[in-house]
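Structural overview for review
Letter by letter, the chains look like this.
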Amino acid sequence: MRNYLLSVVIWLPIIGALLVLSTGSDQRAPLARKLSLIFSLATFLLSLFLYSGFDVNTADMQFTEKVLWVSTFSIYYHLGVDGISMPLIILTTFLTVIVVIAGWQVIQEKTAQYMAAFLFMEGLMVGVFASLDAILFYVFWEGMLIPMFVIIGIWGGSNRIYATIKFFLYTLLGSLLMLVAFIYLYHQSDTFSILQHHSFPLSMTEQMLLFFAFFSAFAVKVPMFPVHTWLPDAHVEAPTGGSVILAAIMLKMGGYGFLRFSLPILPDASRELALFVIVLSLIAIVYIALVALVQEDMKKLIAYSSIAHMGFVTLGFFIFSVQGIEGGLVQMISHGFISGALFLCVGVLYDRMHSRDIKSYGGVVNTMPVFAAFMMLFAMANAGLPGTSGFVGEFLVILAAFKVNIWYAVLAGTTLIFGAAYTLWMYKRVIFGEVANEEVRGLTDISQRETLCLGLLAAMVLIMGIYPYPFLEVMHASVEHLVTQATASKL
Amino acid sequence: MTAMEYVYIFIPLSCLAGAVVVGLGGSYVGRVGAHRITITGVALSFALSLIVFIDVMQGNRFDGAVYTWAVSDGIPFEIGFLIDELTALMIVVVTFVSFMVHVYTIGYMHDDPGYQRFFSYIALFTFAMLMLVMSNNFLQLFFGWEAVGLVSYLLIGFWYKRESAIAANLKAFLVNRVGDLGFLLGIAAVLYVFGSLDYLTVFTAAPQMAETTVPNTETLWMTVISLLLFVGAMGKSAQVPLHVWLPDSMEGPTPISALIHAATMVTAGIFMVARMSPLFELSDTALNVVMVIGAVTAFFMALIGLVQNDIKRVIAYSTLSQLGYMTVALGASAYAAGIFHLGTHAFFKALLFLGAGSVIIALHHQQDMRAMGGLRQKMPITWITMIIGTLALIGFPGFAGFFSKDAIIEAVHFSNQPAASFAYVALTAGTFVTAFYSWRLIFLTFHGKPRMDKEAFEHVHETPWVMTLPLVLLAVPSIMIGWIYVEPVLFGGFFADSIKVLPEHDTLARIGAQQDAAHSIAWQMVVHGLTALPVILTLLGSVAAYLVYILRPDLPGMLARRLSVAYNILMNKYGFDEFNEFVFARGARRIGSFFWRAGDVRVIDGLMVNGTARMVGWFSSVIRHIQTGYVYQYAFVMIIGLFAFMTWFLSS
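Residues numbered from 1 in each chain as written. Chains lettered and ligands numbered in written order. Predicted model: local features only at pLDDT ≥ 70, side-chain atom pairs only at ≥ 80, totals over all residues. Heavy atoms only, no water.

Once that is clear, we can look at the side chain of B:Glu410. All names here are of chain B. Inspection of the secondary structure puts Glu410 in helix H17 (residues 400-414). Arg510 provides the closest opposite charge to the buried, unpaired Glu410, separated from it by 11 Å. Apart from residues lying up to four places away in sequence, Glu410 is in contact with Ile511 and His528. (Helix = DSSP H or I, 4+ residues; strand = E, 2+ residues; numbered from the N terminus. Buried < 20%, exposed > 50% of the residue type's maximum accessible area, 1.4 Å probe, protein only. Lys, Arg positive; Asp, Glu negative; His and termini not counted. Salt bridge = Lys/Arg side-chain N within 4 Å of Asp/Glu carboxyl O. Contact = heavy atoms within 4.5 Å.)

This is the structure in structure tokens:
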């Protein structure tokens with residue numbers, strides 16, 4: 001079992017998805033829901049076995065599997081996890097469970113298809129994090145787009161067609177260049193093995209060109225300024241579950257790509273272009289935060305806030321220090337919990353009032369006190385309050401940035417003010433105050449199912465904030481190895 | 001773990017346990033349960049704090065980690081306690097005032113639907129404040145720092161239906177965040193320079209780092225670190241120009257104005273600078289900045305107190321001013337005096353706030369002093385205790401505030417720093433203003449003719465014992481504490497190693513050198529004080545207030561008209577709020593709006609994204625014309641192409 005555990009975590013949800021799909025029409029929706037829950041829970045539990053069997057003292061790939069897939073091009077079905085991908089896989093399996101529970105009653109049409117799409121996506125996303133073969137990675141990477149495309153396109157809002165096409169084209173254009181990069185690397189090294197690419201020597205010109213090829217794929221996914229505008233649109237149109245997965249996991253693919261490909265394969269170009277990436281990251285932190293401040297749509301506001309928070313990830317990575325990269329990784333995981341939770345919160349409100357407009361609300365605390373308490377926690381976490389997960393990553397990145405250049409730290413630190421400003425100002429307008437209108441007066445507080453979802457996420461946010469030690473412990477060996485790779489020269 | 005270690009850990013945890021149980025317990029806990037559980041927690045905390053205080057007095061100190069929060073790049077970040085004289089003093093003050101406020105709240109919040117929530121918040125606050133002062137490292141200090149800010153935010157906005165309350169709490173949080181940015185960068189600088197966030201490691205290494213400068217500049221790292229940390233202190237301890245949130249914080253219920261916005265949280269900045277004395281001592285620049293900011297705050301905020309009509313706001317401006325006094329003490333390297341004033345102020349200012357709260361409750365939430373007057377006979381306990389608080393505040397010889405404030409002014413007098421002369425003038429002049437606004441409050445509230453309708457006045461009566469008992473218990477230290485502690489704390493080396501002062505900065509030692517050994521220092525201070533300028537000005541201020549508000553009640557209105565320019569400046573609080581609103585709040589929204597509409601919507605989406613789509617569309621609409629479907633046209637193009645290709649092939 002241990003030898004195939006990783007494969008099981010990838011394929012079990014996909015098999016589950018097929019089973020769920022086979023329940024067919026909405027008359028058997030209850031069965032579809034139960035099956036989805038069973039499969040997502042089972043996958044989550046199995047991923048915990050991965051975690052418990054994981055050796056934190058080595059940077060080597062663990063749970064590796066390698067089978068020849070296409071012999072002509074020596075493409076392998078090659079899987080493995082290290083300290084960088086391990087936490088992301090757990091995050092994926094955990095959030096899928098949440099999304100399944102969250103969609104339990106909300107989705108009444110095409111329930112089986114909705115649930116199946118998320119299960120498909122879960123398998124594919126774990127596949128992305130576990131692939132050690134470039135082509136396999138590419139297949140998972142692109143495959144992942146399809147269920148998301150479907151989710152937004154079918155269960156999305158009124159302007160969903162524009163949003164899906166924008167989302168699809170943006171990401172596809174980026175990833176095609178990545179494919180070109182893979183093919184180039186294959187031609188030079190005769191292998192698609194990512195680990196072998198890590199040690200394959202490349203000239204500066206090659207590295208530069210490859211860097212931009214990879215960059216176009218990853219920067220779009222992160223998303224970095226100025227290729228971020230697909231995200232607010234996609235979020236606004238996506239159903240709640242779609243937004244959760246999009247923000248919590250899909251955005252992490254870009255950051256993961258930088259760590260798996262750009263830094264170790266192209267260390268010299270990465271260092272050469274670090275300033276470029278850092279400047280874009282700082283723009284994301286400052287510029288996007290200001291843009292978030294003036295949003296009137298809650299989902300857009302949180303989407304912009306996500307972009308600003310992702311700025312910390314790329315900033316941390318391109319400082320090339322253990323602290324920076326660990327800070328960035330922690331920020332990725334924490335953002336998974338917090339943004340997921342915030343999108344769920346908006347979903348809770350949207351299900352009741354069918355509006356995402358801040359102006360439609362006011363005084364929600366009067367009718368939904370329990371919900372208001374949860375949202376307070378997540379808002380504070382989003383503002384980076386110590387004791388919540390949101391603080392840990394930002395703190396480490398700011399510490400790391402200070403060592404490189406004080407002004408990086410100063411600019412990044414403005415998030416303390418802006419992050420609090422846009423989050424709490426929204427909170428004030430939506431939650432506090434007198435009951436704004438009759439619709440708000442008629443609101444009912446969150447159900448047990450909603451409490452369960454938000455409660456699980458709240459627990460994670462607090463645990464990670466109060467005791468981030470185990471989260472960081474998993475990463476140490478791999479990140480230290482990565483830093484030695486990224487700071488060595490290939491020339 | 002030793003027995004004492006259990007004691008240390010239970011001090012904050014018993015408050016946290018109360019907060020969690022009451023906060024999450026819902027109807028299982030209920031109203032009575034809420035105050036019983038939290039008060040038991042904080043009382044236990046207070047008792048244990050006393051044990052720790054006694055233990056520390058016997059020379060036992062502690063420095064150790066509770067757990068490792070995280071490790072990154074080999075640097076451990078820990079949660080741990082440093083128990084020394086400074087900590088011991090702080091935890092006793094914090095838990096005692098908190099205990100009093102808890103009891104008082106039973107009466108004050110009696111009719112409030114948020115009763116249980118309130119108790120949960122103040123218990124949580126006490127926990128956070130204790131973690132802050134007991135910390136042995138910068139990270140946990142920041143944790144406590146932000147956590148008290150969070151609870152302050154929640155409590156200012158406690159009455160969340162009031163627009164003014166939820167505006168005030170957002171403002172408080174954001175202004176504090178400005179300070180926190182400085183603080184966090186200061187912490188980053190400490191880690192960068194010292195490679196550790198542990199207090200003792202940093203403080204021990206500090207003297208060797210005294211001369212190191214920021215690369216490519218001549219600025220001392222110690223100056224950078226101290227100033228950045230001080231920005232944090234300016235936020236939390238409401239120093240100009242980051243003071244704007246404190247008066248607005250009076251939107252919260254009065255018990256928290258006493259506990260958080262007078263006695264404890266706002267003094268966290270003072271505590272922090274005192275704690276960091278080994279760093280601040282190494283930068284004269286920083287000390288002078290601290291002194292100037294403190295002096296400006298002390299004097300100019302006191303002036304605003306003269307014209308306020310809301311009873312709580314008068315006390316709020318008084319708090320700002322007193323925080324300025326403490327800050328000046330830090331700048332003059334008289335850290336012990338600053339902390340001592342922090343302690344005495346905690347007692348008498350909590351007393352004044354709770355007294356004001358007692359009046360407010362008796363008058364059914366009336367806070368405007370113009371609608372008070374003559375309450376003396378109706379509320380004798382409140383009246384007497386508030387007079388005691390006032391005497392302590394204005395520094396009447398013998399009362400608690402006298403010793404601490406006089407020590408600060410004397411210390412500034414003896415300081416050699418360039419900013420000291422300015423600070424001395426500001427603080428001394430401030431004593432007159434302090435006396436004036438303090439008596440104004442007493443006279444307007446308790447004396448003269450009642451300015452409310454007769455029937456309402458008839459129904460006023462003293463508040464219940466749960467509210468008056470804390471007043472009495474706070475009045476006791478407001479009278480006594482100075483006599484007992486001034487000598488050991490200021491001149492007896494009470495703080496030992498917990499505060500470091502360079503010999504050339506040691507202003508308190510210079511004061512101490514002037515005392516003769518035959519009499520107690522407290523007695524000598526009183527005797528000396530009676531003939532010194534601050535006390536004379538205090539008495540003059542008191543007489544002036546009596547003259548204006550008792551003998552000639554028509555004078556204030558006339559003065560306001562005659563000095564309308566000055567009066568308006570003070571009423572508008574020097575225009576800080578308008579400036580911030582216009583430049584920062586609206587400015588940020590405008591820039592954000594511009595970035596969004598011009599950058600995201602027009603350039604990126606309009607020009608680049610949709611522009612590309614339009615380009616493709618336009619291009620294909622042009623190209624489409626070539627696809628006519630006529631075979632002869634295709635054949636013609638083919639021939640031309642073939643011809644061109646062959647020409648190129650043959651010619652090369």
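Okay, back to it.
Moving on, we get to the interface of chain A and chain B. A common way to report how large an interface is uses the accessible area buried once the components associate. Each partner contributes to the interface: chain A provides 59 residues, whereas chain B provides 52 residues. When chain A packs against chain B, the two sides together hide about 4,900 Å² of surface, and 74% of this comes from carbon and sulfur. Between chain A and chain B we count two salt bridges in total. At the junction of chain A with chain B, the criterion picks out 18 residue pairs in polar contact (both at pLDDT 80 or more). (Buried area = accessible area lost by both parts, 1.4 Å probe. Polar contact = N/O pair within 3.5 Å; in protein donor to acceptor, adjacent residues only side chain to side chain.)

Right, let's get into the nonpolar core. By size, the foremost hydrophobic cluster in this structure holds 458 residues, and its most contacted members are A:Phe371, A:Phe378, A:Phe395, B:Phe138 and B:Leu279. Examining the composition of this core, we find that 18 residues originate from one element, helix H15 (residues 335-362) of chain B, more than from any other. Setting aside anything within four residues of it in sequence, one finds A:Phe378 in contact with A:Ile338, A:Ala341, A:Leu342, A:Cys345, A:Leu454, A:Leu457, A:Ala458 and A:Val461. (Core = buried A, V, L, I, M, F, W, Y, C linked by side-chain atoms within 4.5 Å.)

What follows deals with the pattern of salt bridges. Residues and elements named next belong to chain B. What the rule picks out here adds up to 21 salt bridges over all chains. Note that Arg61 is salt-bridged to Glu85, the shortest N-O span being 2.5 Å. With a gap of 24 residues between them, Arg61 in the loop between helix H2 (30-57) and strand S1 (62-72) and Glu85 in helix H3 (residues 85-108) connect regions that are remote in the sequence. By relative accessible area, which is 3% here, Glu85 ends up buried. In this structure, the salt-bridge partner of Arg552 is Asp554, at a minimum N-O distance of 3.3 Å. The partly exposed category is assigned to Arg552, whose relative accessible area is 41%. Exposure remark for Asp554: the relative accessible area of 44% places this residue in the partly exposed category.

Another point: empty space enclosed by the protein. Residue and element names in this part refer to chain B. Inspection of the entire model under this criterion finds seven cavities of 30 Å³ or more. Taken as a whole, the largest cavity spans an internal volume of roughly 70 Å³. Around the largest cavity, the lining residues are His243, Val244, Pro247, Asp248, Arg313, Tyr317, Lys573, Phe576 and Asp577. Among the elements of the structure, helix H9 (245-248), helix H14 (311-331) and helix H26 (576-623) are those that each provide at least two residues to the lining of the largest cavity. Considering only residue class, the lining of the largest cavity consists of four nonpolar, one polar and four charged. (1 Å grid on protein atoms, 1.4 Å probe; cavity = no way out; pocket = protein on both sides within 12 Å on 5 of 7 lines; lining within 4 Å. Points joined across faces, edges and corners; volume = space filled by probe spheres on them. Nonpolar A, V, L, I, M, F, W, Y, C, P; charged D, E, K, R; others polar.)

All names here are of chain A. With 19 residues, helix H23 (residues 469-487) ought to run about 27 Å at 1.5 Å a step, and its terminal C-alpha atoms sit 25 Å apart, in line with that. The largest bend in H23 amounts to roughly 45° and is located at His476. By the burial criterion, the buried members of H23 are Phe471, Leu472, Val474, Met475, His476, Ala477, Ser478, Val479, Leu482, Val483, Gln485 and Ala486. (Expected span 1.5 Å × (residues − 1). Bend = angle between axes of the 7 residues up to and from the residue.)

Residue and element names in this part refer to chain B. Relative to the assigned elements, Val97 resides in helix H3. The class of Val97 is buried, set by a relative accessible area of 1%. A C-alpha to C-alpha distance of 26 Å links Val97 and Leu229, two positions 132 residues apart in sequence. Contact partners of Val97, with chain neighbours within four places excluded, come to Leu259, Ala263, Ala346, Phe347 and Ala350.

Counted as a void, the second largest pocket has a volume near 1,100 Å³. B:Leu174, B:Val175, B:Asn580, B:Phe584 and B:Ala585 are, among the 34 residues lining the second largest pocket, the residues nearest its centre. Taken together, the elements giving at least two residues each to the lining of the second largest pocket come down to helix H13 (274-293) and helix H20 (415-430) of chain A together with helix H6 (163-194) and H26 of chain B. In terms of residues, the lining of the second largest pocket owes the most to one element, H26(B), which gives twelve residues. Along the lines of polarity and charge, the residues of the lining of the second largest pocket split into 22 nonpolar, four polar and eight charged.

Time to look at the packing of aromatic side chains. This model, assessed by the stated rule, comprises 76 aromatic pairs over all chains. Centroid distance A:Phe94 to A:Phe337: 5.8 Å. Interplanar angle 85°. Geometry classified as edge-to-face. Taken together, the positions of A:Phe94 in helix H3 (residues 85-102) and A:Phe337 in helix H15 (residues 322-353) put the pair 243 residues apart, joining distant regions of the chain. This pair shows no difference in class: A:Phe94 is buried, exactly as A:Phe337 is. Measuring from centroid to centroid gives 6.4 Å for B:Trp69 and B:Phe77, while their planes differ by 90°, and the two rings are edge-to-face. The class of B:Phe77 is buried, set by a relative accessible area of 1%. The ring of A:Trp141 has A:Lys221 lying over it, and the distance from NZ or CZ to the ring centre is 4.5 Å. One Lys or Arg, B:Arg31, reaches over the ring of B:Tyr115 and ends 4.3 Å from the middle of that ring. (Phe/Tyr/Trp six-rings, centres within 6.5 Å; stacked < 30°, edge-to-face > 60°. Lys NZ or Arg CZ within 6 Å of the ring centre and 35° of its normal.)

The amide bond that connects A:Phe225 to the next residue, A:Pro226, takes the cis arrangement and shows omega of 0°. Omega for the peptide link from B:Val240 to B:Pro241 comes to 5°, which places this bond in the cis form. Within the fold, B:Pro241 resides in the loop between helix H8 (221-236) and H9. In this structure, B:Ser333 takes a positive phi of about 65° despite not being glycine. The exposure class assigned to B:Ser333 is buried, which follows from its relative accessible area of 2%. The phi angle at B:Ala496 is positive, at roughly 45°, despite the residue not being glycine. In this structure, B:Ala496 sits in the loop between helix H20 (465-491) and helix H21 (507-514).

On to the packing of helix H18 (residues 389-404) of chain A against H6(B), then. Direction vectors running N to C along H18(A) and H6(B) enclose 60°, while the axes themselves pass 9 Å from each other. For the element pair H18(A) / H6(B), the angle class is oblique. When the axes of H18(A) and H6(B) are compared, the crossing they make is right-handed. Residue-level inspection shows A:Phe395, A:Ile398, A:Leu399, A:Phe402 and A:Lys403 of H18(A) in contact with H6(B), the latter providing B:Leu184, B:Leu185, B:Ile187, B:Ala188, B:Ala189, B:Leu191 and B:Tyr192. (Axes fitted to C-alpha atoms, helices over the stretch in contact; angles between N-to-C directions. Parallel < 35°, antiparallel > 145°, perpendicular 65-115°, else oblique. Left-handed = near helix turned anticlockwise from the far one by under 90°.)

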